[in-house]
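Per-entry structural report
So you can see what is in the structure, the chains are spelled out below.
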Amino acid sequence: MKVALSDYLSERMAQDNEAGRILRLQYSYDVRETKVRDDEMDDPTHDETHSPVRGIVHRYADRLLLLPLYVCSVYCRFCFRRAVVGRSGILKQDELDKALAYIAGRTEVREVILSGGDPLILAPRQLAYILDALDKMTHIEIIRIHSRLPVSDPMRLEDALLDVLSKLSKALYVVIHINHSCELEDERAQEACARLLKSGCVLLGQSVLLRDVNDNEKALEQLWRAMVRHRIKPYYLHHLDRARGTSHFRVSVARGRALMNSLRHLSGLLRPDYVIETPNGAGKIPLTNSWAHEIAKGCYHLRSSIAGQDFFYFDEFSNSSKSDFKKF
Ligand SMILES: *Cc1c(COP(=O)(O)O)cnc(C)c1O
Ligand code: SF4
C-alpha cells in the first residue's frame, strides 16, 4: 500500500510525544504489513459483489455508497480498502456520469454516501458537479460525506470547498474518521471542524478500534469527549476489518465488547455503536448482545439486518482460516 503524508501530519508525527507516537502508529509503514494471514482478504467488506456499476456500492435498499475516487491525502495502514485505495485513482467523467445515472434511476434510494478515498480532496469544481447532481434528484433526502481530511490535512478545507458544501439545499452529514483524541488537539483540526459546521453540515465521528492506539477505556472516553466538545457526535466504533497485512492492529470482539460495557455509564451523546462489517457482505452488525450472540468461546452468531445473511464470526484469529467464515 502506498505511503502518503500531508505536511501537517509529517510535522505532527515528528513530535516526540504521545500524539506523535499515536499518529506514527496509524500512518507510518510498518514491516509487519508484509505478514498476510490466511483469514485476511483484499475486499473484506465484499464491496465488489454489491457494485452494479463502477463507483457504486449498493447493499441496502434505501442508501448506497458513491466512491468518486480512491485517493486520500494520507494512507492509514489499517485501511479496509487498502487493496484499491491509492491505486485506482479517480472515476473518469463517463464512469461518474454512469454512476450518477444509476442513482437517478433508483428512486428507492434516499441517502447517498460519498466515500472512497477521501471525497473532500476532490477539486471544488469536481465536488460541486457531484453534489449539484444529487441535490437535484428529488428522491434523495440526505447526502453524507465520509472524510478524514479535517484531521489529516485540515488546511485543504478552503473557502472554495466550503462554499460548495454550503450551497446544498439538502441535509448534509459529514462523518469524520478520528481514532484518538490527539487528532483533535491541534487548533488547525479544530478550526477545520468549526468551518465545516459553519457551512451548515452536521458532524458525526467514526473510529476504528485499533491495538495500541485506542484499545483502552481511557483512550476511548477521551476520544468521544473530544469529539462531542467539538460538536461531533460519535456514530460508529468499527471493529477492524480483516484486510491483508493488518493483523498487528487487531483487537478481539471480546475485548471490544468488554470496553463498550465498561463505558456504558457515559452520556448517550458520547457513545457510538460498536459495529462489525461481515466478510460476506451482509453489512454492519452491532456487536451488542442482542445482535451478536456468543455461542461458544470466541464464536459469535451475528444477526444481519438483511434477511438470510446471518453469519458466524470467529474471534480466535490465532488458528482461524478463511474456511471459518461459513455462512450461517
Ligand atoms: C457502511 C455502508 C453504508 C452506511 O451504513 P450506515 O449503517 O447507514 O452508516 C451504506 N452502504 C454501504 C454499502 C456501506 O458499506
Ligand atoms: S482515510 Fe479512509 S479510505 Fe483513506 S486510507 Fe484512511 S481508512 Fe483508508
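Above this note sits the structure.
Described in the following lines is the structure provided in the data block. Since we're looking at a predicted model, the values are computed, not measured.

The helix and strand tally for the protein chain stands at nine helices and 12 strands. Over its C-alpha trace the protein chain gives a radius of gyration of 19 Å, about what one expects of a compact globule, namely 20 Å for 328 residues. By principal-axis analysis of the C-alpha atoms, the protein chain measures approximately 50 × 50 × 40 Å. Here the protein chain holds 328 residues, and the buried ones make up 56% of them. Long-range contacts, defined here as pairs at least 24 residues apart, represent 74% of the contacts in the protein chain between residues at least 6 apart.

Our focus in this paragraph is the sheet that holds strand β2 (residues 63-66). Within a sheet, neighbouring strands are paired by backbone hydrogen bonds and run either parallel or antiparallel to one another. Strand order in the open sheet formed by nine strands is β1-β2-β3-β4-β5-β6-β7-β8-β9, and the pairing between neighbours is mixed. Looking at strand neighbours, the two that pair on one side only are β1 (56-60) and β9 (284-286), the edges of this open sheet. If you compare each strand with its neighbour and ignore which way they point, the axes differ by 25° on average. Here β1 runs beside β2; their pairing, made up of three bridges, is antiparallel. Across the sheet, residue V57 finds its bridge partner in β2, namely L65. Helix α3 (residues 93-105) contacts β1, β2 and β3 (111-114) of the sheet and is inclined by roughly 175° relative to β2.

A few words on the layout of surface pockets. One number sums up the size of the largest pocket: a volume of about 980 Å³. Where the lining of the largest pocket is concerned, the elements lending two or more residues are β1, β2, β4 (142-147), β5 (171-177), β6 (202-208), β7 (233-238), β8 (273-277) and β9. For the lining of the largest pocket, the class distribution of residues is 22 nonpolar, 14 polar and 12 charged. What the second largest pocket holds in volume is close to 340 Å³. Around the second largest pocket sit 23 residues that line it, and D47, E48, L67, Y70 and V84 are the ones nearest its centre.

Residues in contact with ligand 2, as listed here, are C72, V74, Y75, C76, C79, G116, G117, R148 and H177. Under a 2 Å grid-point criterion requiring more than half of the atoms, the pocket assigned to ligand 2 is the largest pocket. Its residues placed into classes, the shell around ligand 2 shows five nonpolar, three polar and one charged.

It is worth spelling out the packing of aromatic side chains at this point. Under the defined criterion, the tally for this structure stands at two aromatic pairs. Here R63 stacks its cationic end above the ring of Y60, 3.9 Å away from the centre of that ring.

Time to look at the site of ligand 1. All residues in the neighbourhood of ligand 1 are listed as V57, R59, Y60, R63, L65, I113, R144, Y235, Y236 and K284. Between K284 and ligand 1, the recorded distance is 3.2 Å, taken from a side-chain N or O atom to an oxygen atom. Summarising the interface, the protein chains cover 92% of the accessible area of ligand 1, which totals 380 Å² for the free molecule. In a pocket analysis with a 2 Å cut-off to the grid points, ligand 1 is assigned to the largest pocket. Listing elements by their share of the shell around ligand 1, those giving two or more residues are β1, β2 and β7.

Here we come to α3. Taking 1.5 Å of rise per residue, 13 residues should cover 18 Å, and α3 covers 18 Å from first to last C-alpha, within 8% of that figure. If you follow the buried residues of α3, they end up packed against β1, β2, β3 and α4 (124-136).

This part is about the packing of α3 against α4. Packed helices, taken two at a time, are described by their axes: the angle between them and the distance between them. Running from amino to carboxyl end, α3 crosses α4 at an angle of 20°, the nearest separation of the two axes being 11 Å. Relative to α4, the element α3 is oriented roughly parallel. Judged by the sense of rotation from one axis to the other, the crossing of α3 with α4 is right-handed. For the pair α3 and α4, the contacting residues are Q93, L96, D97, L100 and I103 in the first and Y129, I130, A133 and L134 in the second. Residue composition of the contact of α3 with α4, grouped by class: seven nonpolar, one polar and one charged.

Moving on: α4. Here α4 contains 13 residues, and its C-alpha end-to-end distance of 18 Å stays within 8% of the 18 Å for a straight helix at 1.5 Å per residue. Every buried residue of α4 is accounted for by L127, A128, I130, L131, L134 and D135. In the core, the buried residues of α4 are packed alongside β2, α3, β3, β4 and α6 (159-166).

Rules and cut-offs
- Residues numbered from 1 in each chain as written.
- Chains lettered and ligands numbered in written order.
- Predicted model: local features only at pLDDT ≥ 70, side-chain atom pairs only at ≥ 80, totals over all residues.
- Heavy atoms only, no water.
- Helix = DSSP H or I, 4+ residues; strand = E, 2+ residues; numbered from the N terminus.
- Rg over C-alpha atoms; globule rule 2.2 N^0.38 Å.
- Buried < 20%, exposed > 50% of the residue type's maximum accessible area, 1.4 Å probe, protein only.
- Contact = heavy atoms within 4.5 Å.
- Pairing = 2+ DSSP bridges.
- Axes fitted to C-alpha atoms, helices over the stretch in contact; angles between N-to-C directions.
- 1 Å grid on protein atoms, 1.4 Å probe; cavity = no way out; pocket = protein on both sides within 12 Å on 5 of 7 lines; lining within 4 Å.
- Points joined across faces, edges and corners; volume = space filled by probe spheres on them.
- Nonpolar A, V, L, I, M, F, W, Y, C, P; charged D, E, K, R; others polar.
- Near = heavy atom within 4 Å.
- Sits in = over half its atoms within 2 Å of the grid points.
- Phe/Tyr/Trp six-rings, centres within 6.5 Å; stacked < 30°, edge-to-face > 60°.
- Lys NZ or Arg CZ within 6 Å of the ring centre and 35° of its normal.
- Polar contact = N/O pair within 3.5 Å; in protein donor to acceptor, adjacent residues only side chain to side chain.
- Areas by Shrake-Rupley, 256 points an atom, 1.4 Å probe, with all protein chains shown as cover.
- Expected span 1.5 Å × (residues − 1).
- Parallel < 35°, antiparallel > 145°, perpendicular 65-115°, else oblique.
- Left-handed = near helix turned anticlockwise from the far one by under 90°.

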